[in-house]
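What follows is the residue order along each chain.
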Amino acid sequence: MEYIKSWLKIILYMNILLLLCDNLMQKTAYEKYYRFFSGFLLVLCLLKPVIDFAGTEPYFYASFLQKEWQSERNRMKYSKELSEVEAVVQKECETAYKKQIEEVAEQYGISVKKVTFRWDSAKEHIRKLEIEGSLKTLQNEKYKKSEKQIGSVQTETVEKIKKIMMQLYNLKKSDIQIEVE
């Protein structure tokens, strides 16, 4: 019952406001645009229960919040604090990513020496990933038979690691460079 009362109040207030504006807009060049706009607003007010019942209100609210967040971020974008915070967050991300890469490489018998990240212009996503490492001595002893066999194992291992990195960081194969000694 409360919902219906609030809905009727909205319609009443909207009609009063539109009636006042209509009296001010008579005999002007913009009258037809005003009538279209006021009719559209009135239809929206009348359809409010249908919109609420359909469950679309959360989508309107979510898109409003996204736009609000984006405008707030744009305002802060040029501030010094934001750039400092972004640098700290990027450094923390790189540390976490490096640890994750080292753990994956460790599973395949590769000791990581250096990891280099290339970020996109907004510094939100990794654009390119370069990993330098070496095969562990255990793996070298395991495949001591010939240099050819070590090379093929090395190639297979690098390809497996590339596939994992592609999935983890949403990169293309050409964006990942792995050098193993």
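On a predicted model such as this, the values are computed, not experimentally measured, just so you know. (Residues numbered from 1 in each chain as written. Predicted model: local features only at pLDDT ≥ 70, side-chain atom pairs only at ≥ 80, totals over all residues. Heavy atoms only, no water.)

Caption draft 1: Geometry of the pattern of salt bridges. Across all of its chains, the model carries four salt bridges by this definition. The shortest N-O distance in the salt bridge between Arg-35 and Glu-31 comes to 3.1 Å. Of this pair, Arg-35 and Glu-31 both sit in helix α2 (residues 31-46), four residues apart, which is roughly one turn of the helix. Between Glu-159 and Lys-173 there is a salt bridge; the shortest N-O distance is 2.7 Å. Here Glu-159 is found in helix α7 (residues 147-169), whereas its partner Lys-173 is found in the loop between α7 and β3 (176-180), with 14 residues between them in sequence. Residue classification places Lys-173 among the partly exposed positions, given a relative accessible area of 43%. Connected through shared salt-bridge partners, Asp-22, Glu-31 and Arg-35 make up one network. (Salt bridge = Lys/Arg side-chain N within 4 Å of Asp/Glu carboxyl O. Helix = DSSP H or I, 4+ residues; strand = E, 2+ residues; numbered from the N terminus. Buried < 20%, exposed > 50% of the residue type's maximum accessible area, 1.4 Å probe, protein only.)

Caption draft 2: Examining the sheet that holds β3 more closely. Taking strand neighbours across the sheet as the criterion, the three strands line up as β1-β2-β3 in an open arrangement whose pairing is mixed. Each edge of the sheet is formed by a strand with only one pairing partner; in this case those strands are β1 (110-119) and β3. With direction set aside, neighbouring strand axes in the sheet form an average angle of 15 degrees. Relative to β3, strand β2 (residues 126-135) runs parallel, the two sharing five bridges. Counted as the bridge partner of Ile-131 is Ile-178 from β3. (Pairing = 2+ DSSP bridges. Axes fitted to C-alpha atoms, helices over the stretch in contact; angles between N-to-C directions.)

Caption draft 3: Representation of a nonpolar patch on the surface within the structure. A cluster of nonpolar side chains, namely Met-1, Tyr-3, Ile-4 and Leu-8, defines an oily patch on the protein surface of about 440 Å² accessible area. By the secondary structure assignment, Tyr-3 is in helix α1 (residues 2-25). Assessed through its relative accessible area of 37%, Tyr-3 is described here as partly exposed. (Patch = residues over 30% accessible without salt bridge, like charges linked within 9 Å, V, L, I, M, F, W, Y side chains within 5 Å. Areas by Shrake-Rupley, 256 points an atom, 1.4 Å probe, with all protein chains shown as cover.)

Caption draft 4: Just α2, in detail. For α2, which comprises 16 residues, the first-to-last C-alpha distance of 22 Å matches the rise-based estimate of 22 Å (1.5 Å per residue) to within 8%. Among all positions in α2, only Glu-31, Tyr-34, Ser-38 and Cys-45 are buried. Summarising the axial view, the buried residues of α2 lie within an arc of 55 degrees, below the 170-degree limit, and thus occupy one face. Counted as exposed and oriented over 90 degrees from the buried face of α2: Lys-32, Tyr-33 and Phe-36. Where α2 is buried, its residues touch α1 and α3 (48-54). (Expected span 1.5 Å × (residues − 1). Arc of directions from axis to C-beta. Contact = heavy atoms within 4.5 Å.)

Caption draft 5: Quick peek at the nonpolar core. Judged by nonpolar contacts, the single largest core of 20 residues is most densely connected at Ile-101, Phe-117, Leu-129, Ile-131, Met-165, Tyr-169 and Ile-178. Only α5 (80-107), β1, β2, α7 and β3 provide two or more residues apiece to this core. With five residues, β1 is the single largest residue contributor to this core. Those residues in contact with Tyr-169, other than ones at most four positions away along the chain, are Tyr-97, Gln-100, Ile-101, Ile-126 and Leu-129. Counting residues in each nonpolar core, the second largest holds five residues, with Ile-11, Met-14, Leu-18 and Cys-45 among its members. (Core = buried A, V, L, I, M, F, W, Y, C linked by side-chain atoms within 4.5 Å.)

Caption draft 6: Region of the structure containing the confidence of the model for the chain. Taken as a whole, the chain shows an average pLDDT of 79; of its residues, 80% reach a score of 70 or greater. Scored below 50 in pLDDT, residues 138-143 shows eight contacts in the model against residues more than four places distant or in partner chains. (pLDDT = per-residue confidence, 0-100.)

Caption draft 7: Molecular detail of unusual backbone geometry. In this model, Lys-27 sits at a positive phi of 60 degrees, which is unusual for a non-glycine residue. Of note, Lys-27 is situated in the loop between α1 and α2. Of note, Asn-170 is a non-glycine position whose phi angle comes to about 55 degrees, a positive value. The exposure class assigned to Asn-170 is exposed, which follows from its relative accessible area of 71%.

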